Amino acid sequence: MANIEILGFQLPFTYQQLYSGVVTLAFFAVLGLILRVILYRYGVRVLPKKIAESISNTVFYILIFIGVLGLLGNLGVDPTSLVVAGGIAGLAIGFASRTVVSNLLSGIFLYIDRPIKEGDPVEVEGVGGVVEDINVLSTRITSWDGVFHRIPNEKVFTTIIKNFSKTTARRVEYKIGISYKDDVDKAREIIYRVIDEEPLALVEPGPQVFLESLGDSAQILAVRFWAPTPQWFTAKTKVLQRIKEAFDREGIEIPFPRRVVYIKDERDMA
Amino acid sequence: MVLYTTLSRGSSTSIGGQRIELRDGDPPRYVRDGYEVLLAGIDRLLIHPAPPIYLPILGLFRHVMIPIKPAVIVGPKAEIEVVRRVVTDIAVSTPTEEVEYVDVFPLRTPKMAVYGRTADGLLCRYMFPGEGPGTVEVRLRIRSDCRHPVTLSRIVVPTSLFRIFYAPESDRAVTAPLDVTLECDVAVIRAGDEPEDMVPIPLETERMLTRRMQVEPRILRTVLAHVEEFIMDRGY
């Protein structure tokens, strides 16, 4: 069979080769489309949407690539050389895109492990804020002061993540120093009363107030109570202020650091 | 003492040391300790117990924790009826077909408690024991199906089962009796029949609460869901 001729140029393949090449490509394209739909539909049941989307798209493009190889093979282009060339190019791209792949895999593991999700208040890589989005390459966080942060998933996956919404309640803790002349029991009673009057401080687990140490200038009381996680910060700030106000009312002194200095008289030394 | 009454124009009352009044005027206004609401087309308000889902944080509670002091040790296959009174919140509502709460206030500092671990426990509204006006009688019919004695020091009940009934023009309020079956590792709780000669407290509709809480209806439904029974995991 004669080769195809266009405007006097003779192409190196016949109509039959072109036809079978196109059929091969079409076959893989249709197969890819079907597989993409099936994989996505089943994938979203067990995997996060973005992961299912990525997997189904990847399978689709791999099949399209095989279809193109089939087309070129039918047209007389040696696919082996293409594969070798593709392999070398792939190796080069692979080295270059090592970070991208690492981020991608970390993103997938983050989806599976789910240490954080969108809307969680977190601290990642020293950035505290709310998770806005987790995509396959990066995690986006808006910090408490409203600044947008994009953190590569590789870093998120390998660093320590603090998720402030994972628990039902969080403990608030203060160290409060009172003067040595003040009664520890009275101070404890005042603190317990303040905590009891605060709706955000939990009854169970109960609060603890105890003399923790004897400092240079003050008796140090440790104050611990629990608050619902979303209201932790509010409880922490409210109660401390109320304790200070109650101490002021009741005459409990929060002392400044003091140092007694003895001045040696030169004559005594003589 | 008449605690749960109707507040008509120009009248006032004192509840738990707080003065509440419906001031006459055009328009009339509801006033309590600096909190004010203007009313239009409403000449009277109802005072009654409030469900324990408003305070201290609206909509956060799916469960209430009722302390049982002194604790009860229930022997194998034994039955006991325990009656406790707990302090309730007070609601002031419109006497309309679709109720709107004008005000909800506590009679003592409303508090919360975690049942279980702080990591993954249940956040409950803590119901303080109390006596006298402003308290609700809770009748617990406890039956043990367990082969060994069980100590019951507190009980966690879904708010949907903690249904409050009251007698208008009185200070009497009760919950539907709670049937508690102890099955060694778990307790199953069911709400009993509605008490006679009492009326259920007027409740805000889901639509109203959704608007008030500014949350999606599906979140609210989890709060109001009518749960027939509740498994308390080692919940004694």
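These numbers come from a predicted model, not from an experiment.

Structural notes on the packing of aromatic side chains
Here's step 1: Evaluated as defined, the whole model comprises seven aromatic pairs over all chains.
Here's step 2: Taken together, a centroid distance of 4.9 Å and an interplanar angle of 75° make the contact between B:Tyr126 and B:Phe128 edge-to-face.
Here's step 3: Overall, B:Phe128 belongs to the buried group, its relative accessible area being 14%.
Here's step 4: When the ring centre of A:Trp232 is taken as reference, the NZ or CZ atom of A:Arg170 above it lies at 3.7 Å.
Here's step 5: Taking NZ or CZ as reference, B:Arg108 lies 3.5 Å from the ring centre of B:Phe128, over its face.

As for the pattern of salt bridges
Here's step 1: Tallied over the entire structure, the rule returns 27 salt bridges over all chains.
Here's step 2: Note that B:Arg29 and B:Glu36 form a salt bridge whose closest N and O atoms lie 2.7 Å from each other.
Here's step 3: One network of salt bridges, in which partners are shared, links A:Arg171, A:Glu173, A:Lys175, A:Glu212 and A:Arg224.

Here we look at helix α6 (residues 184-197) of chain A
Here's step 1: The end-to-end C-alpha distance of α6(A) is 20 Å, a good match for the 20 Å that 14 residues give at a rise of 1.5 Å each.
Here's step 2: Listing the buried residues of α6(A) in full gives A:Val184, A:Ala187, A:Ile190, A:Ile191, A:Val194 and A:Ile195. For α6(A), the angular spread of buried residues about the axis comes to 135°, placing them on one side.
Here's step 3: On the buried face of α6(A), the contacting elements are β8 (169-178), β9 (208-214), β10 (219-228) and α7 (232-250) of chain A together with β11 (111-115) of chain B.
Here's step 4: Between the side-chain oxygen at the start of α6(A) and the backbone nitrogen of A:Asp185 there is a gap of 3.1 Å, and the oxygen is on A:Asp183.

Focus: the packing of α6(A) against α7(A)
Residue and element names in this part refer to chain A.
Here's step 1: α7 packs onto α6 with a crossing angle of 135° between their chain directions and a minimal axis gap of 9 Å. Classified by the angle between their axes, α6 and α7 sit oblique to one another. In this structure, the crossing between α6 and α7 has a hand that is right-handed. The residues of α7 that touch α6, namely those facing Lys 186, Ala 187, Ile 190, Ile 191, Arg 193, Val 194 and Ile 195, are Val 239, Arg 242, Ile 243, Ala 246, Phe 247 and Glu 250.

Things to note about the interface of chain B and chain A
Here's step 1: With 20 residues of chain B at the interface, the matching set in chain A holds 18 residues.
Here's step 2: Overall, the association of chain B and chain A removes approximately 1400 Å² of surface from exposure, summing both partners, and the carbon and sulfur fraction of that is 60%.
Here's step 3: Among the residues chain B hides against chain A, the three largest losses belong to B:Lys111, B:Met112 and B:Thr118. Together they make up 39% of the total.
Here's step 4: On inspection of chain B and its partner chain A, the count reaches two salt bridges.
Here's step 5: One salt bridge connects A:Glu204 with B:Arg154, and the closest N-O pair in it is separated by 3.0 Å.
Here's step 6: Here chain B is connected to chain A by 11 residue pairs in polar contact (both at pLDDT 80 or more).
Here's step 7: For the side of chain B that touches chain A, the elements supplying multiple residues, two or more each, are β11 and β12 (122-126) of chain B.
Here's step 8: Ranked by residue count, the leading element in the side of chain B that touches chain A is β11(B), at four residues.
Here's step 9: A class-by-class count of the residues in the side of chain B that touches chain A yields 13 nonpolar, three polar and four charged.

Rules used in this analysis
Residues numbered from 1 in each chain as written. Chains lettered and ligands numbered in written order. Predicted model: local features only at pLDDT ≥ 70, side-chain atom pairs only at ≥ 80, totals over all residues. Heavy atoms only, no water. Phe/Tyr/Trp six-rings, centres within 6.5 Å; stacked < 30°, edge-to-face > 60°. Buried < 20%, exposed > 50% of the residue type's maximum accessible area, 1.4 Å probe, protein only. Lys NZ or Arg CZ within 6 Å of the ring centre and 35° of its normal. Salt bridge = Lys/Arg side-chain N within 4 Å of Asp/Glu carboxyl O. Helix = DSSP H or I, 4+ residues; strand = E, 2+ residues; numbered from the N terminus. Expected span 1.5 Å × (residues − 1). Arc of directions from axis to C-beta. Contact = heavy atoms within 4.5 Å. Polar contact = N/O pair within 3.5 Å; in protein donor to acceptor, adjacent residues only side chain to side chain. Axes fitted to C-alpha atoms, helices over the stretch in contact; angles between N-to-C directions. Parallel < 35°, antiparallel > 145°, perpendicular 65-115°, else oblique. Left-handed = near helix turned anticlockwise from the far one by under 90°. Buried area = accessible area lost by both parts, 1.4 Å probe. Nonpolar A, V, L, I, M, F, W, Y, C, P; charged D, E, K, R; others polar.

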